[in-house]
Each structure stands twice: as structure tokens, then as C-alpha cells.
Amino acid sequence: MFRSKNPCEDIVAKATSPTNTDENWVAIMQVCDEVARGDATLATQAMQAIRLRLSSTNARVVSQALTLTNACIENVGHAFCLAVCSREFMDEITRILKPPSKLDRKLQDKLTGFLLDWEKKFRGKPDLVLVSLTIGKLRESGVEFAGSSSAAPATVSQGFSGFSSTPAMQSSSMQATTPAIKSEAEFQADIERALAASMADAPAAAVSAQSQPQPQQQQQQQLKAAKVVYDFEASEGNELTVKSGAVIIIHDDSDANWWKAQNQQGQQGYVPASFVTFDFSVAHPQEPEPEPEPEPEPEPEVTPEPEPEPEP
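Since the model is a prediction, treat every value here as computed from it, not as a measurement.

Chemist: Got a minute to help me understand the overall build of the protein in this structure?
Modeler: From N to C terminus, the protein includes 10 helices and 5 strands. When burial is assessed residue by residue, the protein has 41% of its 312 residues classed as buried. Looking at the protein alone, contacts between residues at least 24 apart form 66% of all its contacts between residues at least 6 apart. Surface summary for the protein: the accessible area is close to 18,500 Å², and the carbon and sulfur share equals 50%.

Below, the structure is given as C-alpha cells:
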């Protein structure tokens, strides 16, 4: 069987071509505009195409892929940020940066600088906490975070016309403070604790946001973190397989029975509402007790008819 081609492969390859003598900002912004016009699926496909370029042995390709990732984070929107904060992308970042890294010192500094910038940009957003936790794992493995990146110009859109609005992509010096991660189990536990702590302030933030008039395009449903209570195996194409104990992001809980959710790999689909909870203190919930079967009604007693007396 042949896999379907990723629609973002060609434009990402053009923006990160080893034949580029310098960073091709026209091609980079074409990628940003294309992905921004798409949905969450296209954002995930763009992330996967960039991830493949990060695995290249050509330093120029890797450097351009990092610049492209940062440009998409700044210009595409939340959907691409979610894709970058997936385990799939962060595992690739960890693989190429963890000692002994094959990246030269200049590329290592560029990547660690971007990570610090992203961690600062995503701070306070529970569904983007994986960058901060990945920094903690890398620090413990011996990766040095000396400073922030300075590769992107102050305003990417300067000198270009015909593209959508592009926020300034400025880098700032900072030193992240992240707890050390000692094991994979603690890594997952930290995700849950960070999500639960961030959700504590969600109701107040929602009331504050609703009290101020906003343009229609900025009114988006608030994302919520939830914990999976029971395993669920998807049987339809629009459903999402989840495992008990996993942390997922709820995009839409307006339906009483099915909620739209996203896992840490960026995959989206519907899960039964009764299989997840917003209460992160739930450890091992009890299975619902079956209703007792009704006792069978006693059969009526049959009184035997008296035998007739014998005739004399």
C-alpha cells in the first residue's frame, strides 16, 4: 500500500532547500499563509513535514527548518502551536539535541534559543505545556541553555507584500526555570499537575473575557484539559482512541454525549463524554455498578381439586 503524500511536503522542501544560499523568506511566508488558511489537520501535516527536515544530515536544511518552525509559530496560530507541542515533534527535538548531539554548536544554540522563546510564549497555556517540560528533560540530560535565539528579523513582513499580517518575531534573552524531570512517569505526572493548576483559573478568565466585546473572529471556544477515565477504542473515522489516565484537550463539549478532543500527538476526534473528567484527582474510578436484575415473580400455588368420593 502507498501512503498518501503529505500536501505540505513540497512547500516545506522549497522553504528549507539545501540549495538556498540564504533563508528564503518568500517561501517561508508562503508556508505560513498556506497553513494558516487550513485546519488543524493541515497544521499537523506541516509539522510532520518540518519534522522530517529536522532529521536531515544537512546542517543548512536543519537550520532553515528551525527558522520555518518559529515563523509558523509566530504567524499561523494556535493550531500549529498545538502540533509543535505534540509528543511526536518534541521527541524529535529531544533526539537531535540530547547529548551526544550531532548538531554543531551554532545550531544547538539556535535550537535552544527558540525553545526558550517558545516556552515564554506558551507560558500559562495548559495545552502547550510540553515545551516547558521538554526543556526540563533536556537540562537534566546535560543540554545547556545559554541564551535565546536571534535568527529572525524584527518584522518578517518587512520587504514583502501580498502576504497576510505577520506579527513581529523578536527574540528576547531569558532563562527558563523548569523542574527537573527524573522519569517518564514523573514527566506524565507533571503534565497532569500543570494542566490541573492552569485550569483552576479558567472560570475567572472566561468571565473576564466574556465581559469585554471582541471581534467575531477572535471569539473562540475555550480549550479545556481533561483526564481520561476509561479506555475507548475508536470504531469510526471521526472518533479518537484514548487510554485511561491520559491527558487530553477538549475542543468542544457542547454535546451531552460526544466531545471533540485532541491527544498529545495532535490527533483529533470524538470521545464519549462519560469516559473523561475535568477532575484530575480521580485516580481509579469505580466501574458503574450494574442494576440488579428483578426477582422472578413467584408462581401461583395450584390447589389440587378434591378427589370424588367413591359411589356406594
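Chemist: How should the packing of helix 7 (residues 105-122) against helix 8 (residues 130-140) be read in this particular structure?
Modeler: Any two packed helices are characterised by the angle at which their axes cross and by the distance between the axes. For the pair helix 7 and helix 8, interaxial distance at closest approach is 9 Å and the crossing angle is 140°. The handedness of the crossing between helix 7 and helix 8 comes out as left-handed. Listed contacts from helix 8 to L115, L116, W118, E119 and F122 of helix 7 are V131, S132, I135, L138 and R139. Considering only residue class, the contact of helix 7 with helix 8 consists of 7 nonpolar, 1 polar and 2 charged.

Chemist: Help me understand the sheet that holds strand 1 (residues 224-228) in this model?
Modeler: Strands pair in a sheet through their backbones, by hydrogen bonds, and they do so in one of two ways: parallel or antiparallel. In space, the 5 strands of this open sheet follow the order 4-3-2-1-5, with antiparallel pairing throughout. Sheet topology places strand 4 (268-272) and strand 5 (276-277) at the edges, where each strand pairs with a single neighbour.

Chemist: Please explain the pattern of salt bridges as it appears in this structure.
Modeler: When their charged atoms lie close together, side chains carrying opposite charge are able to pair. As enumerated under the stated definition, the model contains 9 salt bridges in all. Note that E74 and K121 form a salt bridge whose closest N and O atoms lie 3.8 Å from each other. Of this pair, E74 sits in helix 4 (residues 59-75) while K121 sits in helix 7, and the two are 47 residues apart along the sequence. E74 gets classed as buried once you look at its relative accessible area, which sits at 18%.

Chemist: Sorry if this is basic, but what is going on with helix 2 (residues 25-36) here?
Modeler: Three or four residues apart is the spacing at which side chains of an α-helix point the same way, because the helix has 3.6 residues per turn. Helix length check: helix 2, at 12 residues, gives a terminal C-alpha distance of 16 Å against a target of 16 Å (1.5 Å per residue), a fit within 8%. In this fold, the buried residues of helix 2 make contact with helix 1 (9-15), helix 3 (40-54) and helix 4.

Chemist: Is there a simple way to explain unusual backbone geometry in this structure?
Modeler: Residues P99 and P100 are joined by a peptide bond in cis, for which omega reads -5°. The topology assignment puts P100 in the loop between helix 6 (87-97) and helix 7.

Chemist: So what exactly am I meant to see when it comes to the pairing of strand 2 (residues 247-252) here?
Modeler: Note on strand geometry: in a regular strand, side chains alternate between the two faces of the sheet. Counting buried positions over the 6 residues of strand 2 gives 5, a clear majority of the element. Summarising the sheet, strand 1 and strand 2 pair through 4 bridges and their orientation is antiparallel. When the sheet's bridge partners are listed, A226 is paired in strand 2 with I248. Of the pairings in the sheet, the one linking strand 2 to strand 3 (residues 258-262) comprises 3 bridges and is antiparallel in character. Across the sheet, D252 pairs through a bridge with K260, a residue of strand 3. Turn length for the strand 2-strand 3 hairpin, with the two strands adjacent in sequence and antiparallel, is 5 residues.

Chemist: Honestly, the packing of aromatic side chains in this entry has me stumped. Any pointers?
Modeler: Each aromatic ring pair is summarised here by two numbers: the centre-to-centre distance and the angle between the ring planes. Counted according to the given criterion, the structure contains 5 aromatic pairs. A centroid spacing of 5.9 Å and a plane angle of 65° characterise the contact between F232 and W258, whose relative ring orientation is edge-to-face. Of the two residues, F232 is situated in the loop between strand 1 and strand 2 and W258 in strand 3; the sequence distance between them amounts to 26 residues. Their ring planes at 80° and their centres at 6.0 Å tell us that F232 and F275 sit as a pair that is edge-to-face. Of the two residues, F232 sits in the loop between strand 1 and strand 2 while F275 sits in the loop between strand 4 and strand 5, which places them 43 residues apart along the sequence. On the basis of relative accessible area, F232 is assigned to the buried category, the value being 11%.

Thresholds applied
Residues numbered from 1 in each chain as written. Predicted model: local features only at pLDDT ≥ 70, side-chain atom pairs only at ≥ 80, totals over all residues. Heavy atoms only, no water. Helix = DSSP H or I, 4+ residues; strand = E, 2+ residues; numbered from the N terminus. Buried < 20%, exposed > 50% of the residue type's maximum accessible area, 1.4 Å probe, protein only. Contact = heavy atoms within 4.5 Å. Areas by Shrake-Rupley, 256 points an atom, 1.4 Å probe, with all protein chains shown as cover. Axes fitted to C-alpha atoms, helices over the stretch in contact; angles between N-to-C directions. Left-handed = near helix turned anticlockwise from the far one by under 90°. Nonpolar A, V, L, I, M, F, W, Y, C, P; charged D, E, K, R; others polar. Pairing = 2+ DSSP bridges. Salt bridge = Lys/Arg side-chain N within 4 Å of Asp/Glu carboxyl O. Expected span 1.5 Å × (residues − 1). Phe/Tyr/Trp six-rings, centres within 6.5 Å; stacked < 30°, edge-to-face > 60°.

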